[in-house]
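Working through the structure, step by step
Residue-level listing of the chains:
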Amino acid sequence: MAANVFPFRDARAAPDPVLEVGPVAHGPLPLPLVLDNGSFQARAGWACPGPDPGPEPRLQFRAVCARGRGGARGGAGPQVGNALGSLEPLRWMLRSPFDRNVPVNLELQELLLDYSFQHLGVSSQGCVDHPIVLTEAVCNPLYSRQMMSELLFECYRIPKVAYGIDSLFSFYHNKPKNSVSCGLIISSGYQCTHILPILEGRLDAKNCKRINLGGSQAAGYLQRLLQLKYPGHLAAITLSRMEEILHEHSYIAEDYGEELQKWQCPDYYENNVHKMQLPFSSKLLGSTLTAEEKQERRQQQLRRLQELNARRREEKLQLDQERLDRLLYVQELLEDGQMDQFHKALIELNMDSPEELQSYIQKLSAAVEQAKQKILQAEVNLEVDVVDSKPETPDLEPLEPSLEDVESMNDFEPLFSEEAPEVEKPVTTVQPVFNLAAYHQLFVGTERIRAPEIIFQPSLIGEEQAGIAETLQYILDRYPKEVQERLVQNIFLTGGNVMYPGMKARMEKELLEMRPFQSSFQVQLASNPVLDAWYGARDWALDHMDDDEAWITRKDYEEKGGEYFKEHCASNIYVPIRLPKQASRTAESQAAGKGSGANEQA
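The protein is annotated in an unreviewed UniProt entry as Actin-related protein 5 of Urocitellus parryii. UniProt, in the comment section headed Subcellular location (unreviewed entry), describes the protein in these words: "Nucleus".

1. Considering the pattern of salt bridges
This model, assessed by the stated rule, comprises 21 salt bridges. Among the ionic pairs, Asp10 bridges to Arg241, the shortest N-O distance being 2.8 Å. Taken together, the positions of Asp10 in the loop between strand E1 (5-7) and strand E2 (33-37) and Arg241 in helix H5 (residues 239-249) put the pair 231 residues apart, joining distant regions of the chain. When the shortest N-O distance is used, the salt bridge between Lys316 and Asp320 registers 3.0 Å.

2. Observations regarding the pairing of strand E9 (residues 132-136)
Of all five residues making up E9, five are buried, and the element is well covered by its neighbours. Here E2 runs beside E9; their pairing, made up of three bridges, is parallel. Among the inter-strand pairings, Val34 is bridged to a residue of E9, identified as Val133. The β-α-β motif built from E9, the intervening helix H2 (residues 142-155) and the parallel element strand E10 (residues 160-165) has right-handed crossover chirality.

3. Focus on the environment of Ile245
Mapped onto the elements, Ile245 comes out in helix H5. Separated by 237 residues in sequence, Ile245 and Phe8 have C-alpha atoms that sit 8.7 Å apart. Ignoring anything within four residues of it in the chain, the contact list for Ile245 reads Phe8, Leu222, Leu226, Ser250, Met276 and Val444.

4. Some remarks on the sheet that holds strand E15 (residues 274-277)
Spatial ordering of the open sheet is given by E1-E15-E16, a layout of three strands whose pairing is mixed. Each edge of the open sheet carries a strand with a single partner, namely E1 and strand E16 (441-444). Adjacent strand axes in the sheet meet at a mean angle of 30° when their direction is disregarded. With four bridges joining them, E15 and E16 adopt antiparallel strand pairing. Each residue of the ladder has a partner; that of Met276, found in E16, is Leu442. Set on the sheet, H5 makes contact with E1, E15 and E16; between it and E15 the angle comes to about 145°.

5. What about the packing of aromatic side chains?
Evaluation of the coordinates by the stated rule reveals eleven aromatic pairs. Ring plane angle 65° and centroid distance 4.8 Å describe the contact between Phe61 and Tyr115, whose orientation is recorded as edge-to-face. Taken together, the residues span a long stretch of sequence, with Phe61 in strand E4 (residues 59-62) and Tyr115 in helix H1 (residues 106-120) at a distance of 54 residues. Of the two residues examined, Phe61 and Tyr115, each falls in the buried class. Measuring from centroid to centroid gives 5.4 Å for Trp263 and Tyr268, while their planes differ by 90°, and the two rings are edge-to-face. Assessed through its relative accessible area of 5%, Trp263 is described here as buried. Members of the aromatic cluster, connected to one another through ring pairs, are Phe169, Trp540 and Trp551. Stacked on the ring of Phe565, the Lys or Arg Arg145 has its end atom at 4.1 Å from the ring centre. Its end group placed over the ring of Phe8, Arg241 keeps NZ or CZ at 5.4 Å from the ring centre.

6. Concerning the environment of Leu260
Within the secondary structure, Leu260 sits in helix H6 (residues 256-263). With 185 residues separating them along the chain, Leu260 and Gly445 place their C-alpha atoms 10.0 Å apart. Ignoring any residue separated from it by four or fewer positions in sequence, one finds Leu260 in contact with Thr446 and Ile449.

7. Brief notes about the sheet that holds strand E19 (residues 552-553)
In a beta sheet, neighbouring strands pair by backbone hydrogen bonds and run either parallel or antiparallel. Ordered by their spatial adjacency, six strands build an open sheet running E4-E3-E2-E9-E10-E19, and the pairing between neighbours is mixed. Across the chains shown, the open sheet's two edge strands, defined by having one partner strand only, are E4 and E19. Of the strand pairs in this sheet, E9 and E10 are connected by five bridges, and their pairing is parallel. Bridge assignment links Val133 to a residue of E10, and that residue is Ala162. Contacting E2, strand E3 (41-46), E4 and E9, H1 crosses the sheet at an angle of about 150° to E4.

8. Topic: the nonpolar core
In terms of nonpolar packing, the biggest core is built from 46 residues, with Leu226, Ile468, Leu472, Met503 and Met507 touching the most fellow members. Mapped onto this core, the elements with two or more residues apiece are strand E11 (183-188), helix H4 (215-229), H5, E16, helix H15 (468-476), helix H16 (481-488), strand E17 (491-494) and helix H17 (503-514). Here the element with the most residues in this core is H4; it accounts for six residues. Once residues lying within four places of it in the same chain are set aside, the contact partners of Leu472 are Leu184, Ile186, Ile195, Met507, Leu511 and Met514. The next biggest cluster of nonpolar side chains, apart from the first, holds 37 residues, and it includes Cys48, Leu111, Val128 and Leu134.

9. What to know about helix H8 (residues 291-335)
In a regular helix each residue adds 1.5 Å, so 45 residues correspond to 66 Å; H8 covers 64 Å between its end C-alpha atoms and thus fits that length. Residues of H8 that are buried include every one of Leu302, Gln306, Asn309, Leu317, Asp320, Leu324, Leu327, Val330, Gln331 and Leu333, and no others. Two residues or fewer after H8 comes Gly337, characterised by a positive phi angle close to 85°.

10. A few points about the UniProt feature "coiled-coil region" (unreviewed entry) in the protein
On the UniProt side, "coiled-coil region" (unreviewed entry) is annotated at positions that read residues 291-325 here. In residues 291-325, the share of helix is 100% and the share of strand is 0%. The end C-alpha atoms are 51 Å apart.

11. Points about the packing of helix H3 (residues 166-174) against helix H18 (residues 532-543)
When two helices pack together, their arrangement is given by the angle between their axes and by how far apart the axes lie. For the pair H3 and H18, the least separation of the axes is 7 Å and the interaxial angle reads 75°. Relative to H18, the element H3 lies roughly perpendicular. In this structure, H3 uses Asp166, Phe169, Ser170, His173 and Asn174 to contact H18, whose residues at the interface are Asp532, Ala533, Tyr535, Gly536, Ala537, Asp539 and Trp540. The residue inventory of the contact of H3 with H18, partitioned by class, reads five nonpolar, four polar and three charged.

The rules behind each value
Residues numbered from 1 in each chain as written. Predicted model: local features only at pLDDT ≥ 70, side-chain atom pairs only at ≥ 80, totals over all residues. Heavy atoms only, no water. UniProt positions renumbered as here; feature names shortened; annotations may be inferred. Salt bridge = Lys/Arg side-chain N within 4 Å of Asp/Glu carboxyl O. Helix = DSSP H or I, 4+ residues; strand = E, 2+ residues; numbered from the N terminus. Buried < 20%, exposed > 50% of the residue type's maximum accessible area, 1.4 Å probe, protein only. Pairing = 2+ DSSP bridges. Right-handed = clockwise from strand over helix to strand, strands pointing away. Contact = heavy atoms within 4.5 Å. Axes fitted to C-alpha atoms, helices over the stretch in contact; angles between N-to-C directions. Phe/Tyr/Trp six-rings, centres within 6.5 Å; stacked < 30°, edge-to-face > 60°. Lys NZ or Arg CZ within 6 Å of the ring centre and 35° of its normal. Core = buried A, V, L, I, M, F, W, Y, C linked by side-chain atoms within 4.5 Å. Expected span 1.5 Å × (residues − 1). Parallel < 35°, antiparallel > 145°, perpendicular 65-115°, else oblique. Nonpolar A, V, L, I, M, F, W, Y, C, P; charged D, E, K, R; others polar.

Structural data, given as structure tokens:
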């Protein structure tokens, strides 16, 4: 492989096996199920107690599904997650239960839950007899949580559920045990980015801020950049490949302007550009074929034509033979003296007389015999008449000048003294210079930093939003200086969109610019930004297995409704809905009517 040339992996997801419930899942109490319900990827597994709580989540799959049509992909049922294999052929029919990072389509959410429970091997019939820890978005709308509770309690008949914020679970998984901490969480995922202040171990929901940018927008921006740069490869520049470039070849510039200046240097560009090799075939252009390959291709076309003509002859012979047999049967009716049936059959054949029938039989018999002879001749001789009658493709040799033409051109040599008298080299010597592999390469240069930069500069894609640094400064300004000092001592980065190389250094540089002189701060990156939310939810489930103050039970749901919510260290803040009374509305309308009447009288 040449320097800086990387092939696309185009990885296909393998279908998940249906797992059997292990012995640890059976006991006096059913084990909790931990579901990290992300908008990009869903993760599911068991919260197993003991010194070794088990490996990473048993299931990890894309949170999308496609409803297949009848007969497609072996059935009409919906395909979910890893069962889809490659997403690009089905991109137009993919559906997600999320709007941004909030589940709104509960029918599709039910498909994802069915897939999770089935492949985890939940053995209870007609219900899921396990407590569930489910992640949700920051400041999740009450209606969305209400519909989710209705789905879990009414459809799956679970005993109890606990909701928690994914980034808070990741935060508590990485902090020391039994320590009440303050800090700022920067969580950047597939659809959006959140900045969450934590005071005395609890979420300060009033000062949370959200930026509607994440990995999805970065992938779309990178796709537009490369499609404009390479309009000849529009179909090959897919979203899946752009996500691969983002995950494996992009990085965050510590100083964006200074980094762009470096890319202007030809040597820096040549050393750092990543050439992404698209799939291609070396047989696409006819000029790249040798004489032997051309002859072989011509022979293959000849054989295909022979097979096609032979098949057509056999089909025509079969039809003619069937018609001839029908006419001979009618003629036998005439010979046997069955005149009524003969005249009726003659009318069906659209003929007027026995003489016309006899003439048609003679012509059809001759055609059938001739067709049989041609088939026998084709089996002996492989030459096909249609191909032989075609003129051969003219070669380029007659276009070359003859000896007399060259001698006549020599008479005009003084007039063309600057040109060489010899014949120019043939064009075929220049053609091998064209490198077909290089034509199918995408040179990813400044795009490596431009796509992930949008979370710091949303104006790059025309978004009228503040970036991470400005939003962070805005949040800090809402607190007294002593609280700011405590918050910046623990700035925590989590989420799949913070895994770019250079992300931590960039945040430290932004904080250095915004914080007062000689003040201190600390930036920490999650040990596993993608899976730490699931690990934290698992740890929380094991620590609060018997804590009824943190779980919403079936009894709570039936008594207090789906909007009922219990708080804990990693949860949202419960905000009840207060609807105005009907009487107050009537009084307001009457007051408004009196006011308008007074204005009219005035």
